[in-house]
Amino acid sequence: MAWGANPAWARDMRVDDQVQFKAAVKQAKPGDTIILADGEWRDFQIVFTGRGTAAAPITLTAQTKGKVLITGRSNLRLGGQHLLVSGLVFKNGASPTDEVISFRRDSKALATDSRITEVVIDGYSKSDRRAEDIWVALYGTGNRVDHSHFEGKTNTGVTLAVIRKAGDPLDNRHRIDHNYFGPRPTLGSNGGETIRIGTSEESLSASNSIVERNIFDRCSGEVEIVSVKSGGNIIRENLVLASQGAFVLRHGNGNRVERNIFLGRNVADTGGVRVINRDQIVRDNYFEGLAGSSFKSAISVMNGVPHSVINRYHQVANALIEGNSVIDSARITLAAGADAERSAPPVDSRFARNLIVGTKGADPFRAEGEIGGIAFAGNVEATVANPLITKGVEQRAVTLARAANGLLYPTDPALAAVGAPRDLQPVTREEVGASWYSAAAGEAAFGTGRTIALPAGASLADAVLASHAGDTLALAPGIYAVAAPITLRHRLTIAGHKGSGTTLRLADGLARIEGGGGLQLEDIDIDASGVRADTALVAVESGVAPNYNLAFGGVSVRGPGKAARLDGVVIAPGTFADAIDIAGSRFADMATVFVGTGEQEPKGWYPVERLTIEGSAFDRVAMVADLLRKGTDESTFGPRFAMTGSSVADSGADGISLRVSGAQHVRIAENSFTHSGAIDVIHSVGVPDTRITGNSFAGTPAPRIEELAYKGPLRADLSGNVVEARP
């Protein structure tokens, strides 16, 4: 331990191990600084306590910012007053508890007037996405999190949460500012918020916290990017980039969302602000290129539940939505979510001085219920053919030009007072996060590495071991014997020569996907006719994180028929695929090609965000796919299923050849089903978009849609299908 003077009344105490750190904490006085020596601090559960002053906080910092790595099973707890932590990096591990950084030592020792600044948490996620933790848990009052970097959370749990519990202070007055919230991939369940302020239990009291001038970059864990569940909060001057979901005023009253900039870049499900409860203000915001609809609209105002219990949907009352610009965006949804339960429409609310320019000249307004309780005044909409709202929304030609701040404004001076203010200044990347930190490059995409030629008969397993992320193994014509499944811990392409007879002859499964793995197969024949034990062609092992991808292009698989059960892709619980794509491929004499069962009611875990099948053939298979999302929670985007231009023959188990349950988007078009089981689509949550069109069914039952969560008319397009009776 090395101690030095800072000014005369303060000490710098450098510590080199955990024992020295604990001793320094016990001795620290106001103005002292504890300095962690550069290097890796593994399995370090940091407890930092003390009582500094506003003028002389007690500080914990790195010897060199960015060179103190907190790894393994580590976390940080603060307890006391006027504590300051800076310069630490959490990565290559996960917290052994349910919080990484906690503004309390324990339930009795909260942190107040304390600060975390220039701290990084990068990919510090539990390997099983169902294992929950919070990266930053704000307890107490008057705390601040600023200029920090949070990226790559793949397991359930909020990135940063204000924790409000009965018996603890509820007037929090926290400040969350100038942080970089980097990419958070889709979780595939509820629980993927980036920020949450409170929970429903204490939501009718005011937190009075501020979230300002942060960047939210591709924060797409679930439909609520920022979830406000308390009152009196201010969400202002943030920049939201290509993030799926919305800022949601979920519970609590009297919040303000103002001067934020949402740039969706036309990414699916990008939204803006969703309004629920009383006395909410949404003003002076800028929304551009948002492709979301319904709950993920640029602006959505929800219907409520009459006499709602605390954790459902309180009626919108006295909302003020004014001075916003909605540009090139798909939807503004009013009375969103109206149904038999959510039957209380918005009342005593005002929608004024907003500028609306829809996507490709379309009217973005949608009303899902009664909107007479919203007064419209002084709004301008670029002319559309059949506007939904005519009173208080003027139709006129609108020409836009980009201003110096990069945002679009009308060129007509008469419209200067309509829409977002001209003095908005988007927060820059240089203003947020830890200036000294750059995240490592993401996993290499398929086909971006070396191409390695592999002669016929060579060992595929040895070649995989010698490969690196993004490489392609280029196989020659001929036969490659695969005695046991290969293990993949990085993304790899295995490609044959199209039409030249490259064959993998399996004695067991082909591949096992572990953490970091992914597989793309191209122009390969797979002979699994000799498999004699039940197995899977590709098995995704438990604990795989981050999200992975699989792709099959020009692949032909011949299974063992009744001699053994060979499934195609089998996914372990707790794992999640961003996409599984099958194109121009053929599968014969095997069990279910895709096995993706959901789990854990009622959160609605599901295994893949997007499953796409195009131009492929399935002969004598048990099922093409069994995709299941359980639960009734409405916080997810998917799953999405598409099957086009494909054929299914002599297939099906228990009368079903394809089952899709709980998916939010289903497109099954221009396929042929011959002497096979039925298509079974189950609507269990949300407002699914199901289109089964232009298919032929010969000796196959007509598709069936089951409505489990909705009692109204059938919500599906079944046009253009041709059903021929069984002979």
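Residues numbered from 1 in each chain as written. Predicted model: local features only at pLDDT ≥ 70, side-chain atom pairs only at ≥ 80, totals over all residues. Heavy atoms only, no water.

Caption draft 1: Representation of the overall build of the protein within the structure. On a plain count of helices and strands, the protein comes out with two helices and 72 strands. Computed over its C-alpha atoms, the radius of gyration of the protein comes to 28 Å, within 12% of the 27 Å expected for a compact globule of 727 residues. Overall, the protein is about 85 × 70 × 45 Å in size when its C-alpha atoms are taken along their principal axes. Going through the 727 residues of the protein one by one, you find that 57% of them count as buried. The contacts in the protein between residues at least 6 apart in sequence include a share of 73% that link residues at least 24 apart. When the accessible surface of the protein is split by element, carbon and sulfur atoms take 50% of a total near 26500 Å². (Helix = DSSP H or I, 4+ residues; strand = E, 2+ residues; numbered from the N terminus. Rg over C-alpha atoms; globule rule 2.2 N^0.38 Å. Buried < 20%, exposed > 50% of the residue type's maximum accessible area, 1.4 Å probe, protein only. Contact = heavy atoms within 4.5 Å. Areas by Shrake-Rupley, 256 points an atom, 1.4 Å probe, with all protein chains shown as cover.)

Caption draft 2: Highlighting the packing of aromatic side chains. One pass over the full model with this rule turns up 16 aromatic pairs. Judged by centre distance (5.0 Å) and plane angle (70 degrees), the rings of Phe 247 and Phe 262 are edge-to-face. Here Phe 247, found in strand β28 (residues 245-251), pairs with Phe 262, found in strand β30 (residues 261-263); they are 15 residues apart in sequence, far enough to count as distant. Pair check on accessibility: Phe 247 and Phe 262 agree, each one buried. The interplanar angle of 85 degrees and the centroid separation of 6.5 Å between the aromatic rings of Phe 365 and Phe 376 together place this pair among those described as edge-to-face. Separated by 11 residues along the polypeptide, Phe 365 in strand β40 (residues 365-367) and Phe 376 in strand β41 (residues 374-377) bring together distant segments of the chain. Phe 365 gets classed as buried once you look at its relative accessible area, which sits at 2%. Assessed through its relative accessible area of 15%, Phe 376 is described here as buried. By the ring-pair criterion, three or more aromatic residues cluster together here, those being Phe 150, Phe 181, Phe 216, Phe 247, Phe 262 and Phe 287. The ring of Tyr 313 carries Arg 250 above its face, with NZ or CZ at 3.8 Å from the centroid. A cation over an aromatic ring shows up here: Arg 429 above the ring of Tyr 180, its NZ or CZ 3.8 Å from the ring centre. (Phe/Tyr/Trp six-rings, centres within 6.5 Å; stacked < 30°, edge-to-face > 60°. Lys NZ or Arg CZ within 6 Å of the ring centre and 35° of its normal.)

Caption draft 3: Representation of the pattern of salt bridges within the structure. Evaluated as defined, the whole model comprises 43 salt bridges. Residue Arg 115 is joined to Asp 146 by a salt bridge in which the shortest nitrogen-to-oxygen separation is 2.7 Å. You can see Arg 115 sitting in strand β14 (residues 115-117) and its partner Asp 146 sitting in strand β17 (residues 144-146), a full 31 residues away along the chain. Exposure remark for Arg 115: the relative accessible area of 29% places this residue in the partly exposed category. A relative accessible area of 0% places Asp 146 in the buried class. (Salt bridge = Lys/Arg side-chain N within 4 Å of Asp/Glu carboxyl O.)

Caption draft 4: A look at the pairing of strand β71 (residues 704-707). Residues Ile 705 and Glu 707 point to one face of β71 and are all buried, whereas Arg 704 and Glu 706, pointing to the other face, are not buried. Bridge count for strand β68 (residues 678-683) against β71 is four bridges, and the pairing is parallel. Paired with Ile 682 across the bridge in β71 is Glu 706. (Pairing = 2+ DSSP bridges.)

Caption draft 5: Broad picture of the layout of surface pockets. Computed from the structure, the largest pocket encloses a volume of approximately 1400 Å³. Along the walls of the largest pocket sit 39 residues, with Gly 152, Pro 185, Gly 442, Glu 443 and Pro 546 positioned nearest its centre. At the level of secondary structure, the elements contributing two or more residues to the lining of the largest pocket comprise β10 (88-93), β59 (577-583) and β61 (608-614). A per-element tally of the lining of the largest pocket places β10 first, with three residues. Of the residues that constitute the lining of the largest pocket, the class distribution is 11 nonpolar, 15 polar and 13 charged. (1 Å grid on protein atoms, 1.4 Å probe; cavity = no way out; pocket = protein on both sides within 12 Å on 5 of 7 lines; lining within 4 Å. Points joined across faces, edges and corners; volume = space filled by probe spheres on them. Nonpolar A, V, L, I, M, F, W, Y, C, P; charged D, E, K, R; others polar.)

Caption draft 6: Structural detail: the sheet that holds strand β69 (residues 689-693). A sheet is described by the order of its strands in space; here 10 strands give the open sequence β46-β47-β50-β53-β56-β59-β61-β63-β66-β69, paired in parallel fashion. Of all strands in the sheet, those bounded by a partner on one side alone are β46 (451-454) and β69. Within the sheet, the average angular offset between the axes of one strand and its neighbour, ignoring direction, is 10 degrees. Judged from the five bridges that link them, β61 and strand β63 (residues 640-644) form a sheet pairing that is parallel. Bridge pairing in β63 links Leu 611 to Phe 641. (Axes fitted to C-alpha atoms, helices over the stretch in contact; angles between N-to-C directions.)

Caption draft 7: Structural view of the side chain of Asn 405. Structurally, Asn 405 is set in the loop between β44 (400-402) and β45 (408-410). Polar contacts involving the side chain of Asn 405 include one to the main-chain amide nitrogen of Leu 407, which spans 3.0 Å. A polar side-chain atom of Asn 405 sits 3.1 Å from a polar atom in the side chain of Tyr 409. Filtering out sequence-adjacent residues up to four positions away, Asn 405 remains in contact with Arg 422, Leu 424, Gln 425 and Pro 426. (Polar contact = N/O pair within 3.5 Å; in protein donor to acceptor, adjacent residues only side chain to side chain.)

Caption draft 8: Geometry of helix α1 (residues 18-27). All of the buried residues in α1 are Gln 20, Phe 21, Ala 24 and Val 25. Looking down the long axis of α1, one finds its buried residues gathered within 140 degrees of arc, a one-sided arrangement. For α1, exposure combined with an orientation more than 90 degrees from the buried face picks out Val 19, Lys 22 and Lys 26. Taken together, the buried residues of α1 touch β2 (11-15), β3 (33-36), β5 (45-51) and β6 (58-62). (Arc of directions from axis to C-beta.)

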